[in-house]
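Below are the chains, spelled out letter by letter.
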Amino acid sequence: MKILLIQPTGHEPLMDQIYLFEPLALEYLAAGLLLDNHDVRIIDARIEPDIKAIANDWNPDIVGLTAFTSHVNIARSLALQSHQLWPDCFVVIGGHHATVQPEDFNDDCFDAVVIGEGVFTLREIVTAIEHGGALIDIPGIALPCDEGMIYSETRPYTDLNALPFPARELTKHYRAHYFSEWFKPLASVRTSLGCTARCNFCALWSITAGKYLRRDPDQVVEELKGIDEPNVFFCDDESMCDSKRMATLATKIHQAGIRKNYFLYARVDTIVRQPELFRQWAAIGLKQVFVGMEACSDERLQRMNKGVTVAEQEQAVAILKKIGVIMYASFMVDPDYSHQDFDALIRYIRRLKLTYATFTVMTPLPGTQLYRDRKAELISHQPEMFDMLHSLFATHLPDKEFYHQMARLYEKAVPLYRVLPALAKFGVHGLVLRIKLFQRFLKRLRRAHLDY
Ligand code: SF4
């Protein structure tokens, strides 16, 4: 069968210029379908938005879509467009939002919704369509229905080692576009799924029912051997949870003679407890660690159930600095922030001498404890607002002033002289583009209050 998998555009195209990761989930799905000899194509609509121009004559039998919460309406319009272009096609949606809130796709533009890991589910759906099987017999799906969604039995989470390697050959014409900061071209590799922590604003640990699923290090090494890009992003929910496994992986990468630049997620407490692990990774190419710092007070960290302290954050900063690995620190601004809170965060980041800091608004994403606890307080249900840049709760400051302060964080927390050495990695042309992009981003952020 002919199957078209589409990575939707973001609702805010500016963000795709700040980072753009390969559509790994679709590459995994494609790899599963290729095992059954189907004809599979991937369109990355963030790079080639005109679906009609690319695939009109191809006439797919099945269209597969994926969506985060902020993509819900975009996925819906892609589903409608698919039905218009190819009236007989079957449209299936999966991904993060379909997993945490499948009922949002109870719409007749979708023929089926995949819940959870989709590689085997989609294979079974395609087989059922091809040979006339009953979809409801396939575990892990929901079928839209006027009287309410019809759910099949739950599919147990897939052993990551049973998955085929992602079909990166299907995105080869896009691959030069994937990047994050100066990591370009950039490949993404998943080594694990889930997390051992229980942050209340995060749905990732609950999606795997609290389990931390791991791939065998030998398998990861085999996959790395087939990757051409010099830069690799480990797009795990949290890479370093199992420090023993990651030490083994580092050893095996070294023994295999693979030399790449790595970028991964790690928690503050792991860095503090396992400095040797990070030293070992730095020796094989770890360049940058994305760390969710979230807040600069123990009281706020506790409220988030983050499981770390400010003292540990400071230690983690010192450890990575000593090793020579860049900390890409991310902070989550609570809508209840006052001027004093914004000022305190700026002072804290300056004191830690961070060279990279990014800021999101604390967002009650569906599937999180925060969402369940405070759903009644939401001031908007528009999917586009769940983009971590807009507040879904009433802000303590007047809304215009809140976004002004958000922009001020970017301007003041990391002084220009501190970020310049990192910016130099972009080269002169890249630096100019980056500065222009930064200015556009700040302008956009200052106007975010107008989006409600
Ligand atoms: S450490 Fe990161 S991945 Fe783990 S629960 Fe917290 S936010 Fe989620």
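Quick caveat: nothing in here was measured; it's all calculated off a predicted structure.

**Q** How should I be thinking about the sheet that holds strand E10 (residues 186–189) in this particular structure?
**A** Two strands in a sheet stick together by hydrogen bonds in their backbones, pointing the same way (parallel) or opposite ways (antiparallel). Strand order in this open sheet of six strands is E10-E13-E14-E15-E16-E17, and the pairing throughout is parallel. A strand with exactly one partner marks an edge of an open sheet, and here the two such strands are E10 and strand E17 (356–361). Across this sheet, the average inter-strand angle for adjacent strands is 20 degrees, counted without regard to direction. Along the sheet face, helix H16 (residues 399–412) touches strand E16 (326–333) and E17 and points at about 165 degrees away from the line of E17.

**Q** Explain helix H14 (residues 339–352) here, please?
**A** For an α-helix, the turn length of 3.6 residues means that residues three or four places apart are oriented alike. The first and last C-alpha atoms of H14 sit 20 Å apart over 14 residues, in line with the 20 Å expected at 1.5 Å per residue. Regarding H14, the residues found buried are Phe342, Leu345, Ile346, Tyr348, Ile349 and Leu352. The arc that holds the buried residues of H14, viewed along the axis, is 160 degrees, so those residues lie on one side. Exposed and oriented more than 90 degrees from the buried face of H14 are Gln340, Arg347 and Arg351. Where H14 is buried, its residues contact strand E15 (286–294), helix H13 (310–323), E16, E17 and H16. With its phi angle positive at about 55 degrees, Lys353 sits one or two positions after the end of H14.

**Q** Looking at this structure, I do not really get the packing of helix H2 (residues 24–35) against helix H6 (residues 119–131). What am I missing?
**A** When two helices pack together, their arrangement is captured by the angle between the axes and the distance separating the axes. Look at H2 against H6: their axes get within 9 Å of each other, and the N-to-C directions meet at 45 degrees. Taken together, the axis directions place H2 and H6 in an arrangement best described as oblique. Crossing geometry of H2 relative to H6 is assigned as right-handed. Residues Tyr28, Leu29, Gly32, Leu33 and Leu35 of H2 pack against Val119, Leu122, Arg123 and Val126 of H6. Here the residues of the contact of H2 with H6 sort into seven nonpolar, one polar and one charged.

**Q** What exactly am I supposed to notice about the pairing of E15 here?
**A** When a strand is regular, its side chains alternate between the sheet's two faces. Burial of E15 is extensive: eight of the nine residues sit out of reach of the surface. Sheet topology places strand E14 (residues 261–265) next to E15; four bridges connect them, and they run parallel. When the sheet's bridge partners are listed, Tyr262 is paired in E15 with Leu286. Across six bridges, E15 lies against E16 in parallel orientation. Note on E16: the bridge partner recorded for Gln288 is Ile326.

**Q** Teacher, can you tell me more about the UniProt feature "domain: B12-binding" (unreviewed entry) in the protein chain here?
**A** UniProt's entry tags residues 5–136 with the feature "domain: B12-binding" (unreviewed entry), counted in the numbering of this structure. Segment residues 5–136 splits into 40% helix and 18% strand. End C-alpha atoms: 22 Å apart.

**Q** It is not clear to me how H13 should be interpreted in this structure. Could you clarify?
**A** Over its 14 residues, H13 extends 20 Å from the first C-alpha to the last, a length consistent with the 20 Å expected when each residue adds 1.5 Å. Looking one or two places after H13, you find Gly324, whose phi comes out positive at around 90 degrees.

What counts as what
Each chain has its residues counted from 1, following the order in which its sequence is written. Residue-level local features of this predicted model are given only where pLDDT is at least 70; pairs of side-chain atoms are given and counted only at 80 or more, and the full residue set underlies all totals for whole chains, interfaces and linings. The side-chain values count all of the structure's non-hydrogen atoms but skip hydrogen atoms and water molecules. A pair of strands is labelled paired if DSSP reports no fewer than 2 bridges between them. Numbered from the N terminus, helices here are DSSP runs of H or I no shorter than four residues, and strands are runs of E no shorter than two. For every element, the axis is a line fit to its C-alpha atoms; helices are fit only across the contacting stretch, and the angle between N-to-C directions ranges from 0 to 180 degrees. Only heavy atoms enter the contact rule, under which two residues are in contact if any of them lie within 4.5 Å. One fewer than the residue count of a helix, multiplied by 1.5 Å, yields its expected span. Buried residues are those whose accessible area, probed at 1.4 Å on protein chains only, stays under 20% of the maximum for their type, while exposed residues exceed 50% and partly exposed ones sit between those limits. By arc we mean the arc of the directions from the helix axis to the C-beta atoms, nothing more. Angle categories: roughly parallel below 35 degrees, roughly antiparallel above 145, roughly perpendicular from 65 to 115, and oblique for all the rest. Here a crossing is called left-handed whenever its near helix is offset anticlockwise from the far helix by less than a right angle, and right-handed whenever the offset is clockwise. Classification used: nonpolar for Ala, Val, Leu, Ile, Met, Phe, Trp, Tyr, Cys and Pro, charged for Asp, Glu, Lys and Arg, polar for all others including Gly. UniProt positions are given in the numbering used here, feature names are shortened, and annotations may be inferred rather than shown by experiment.

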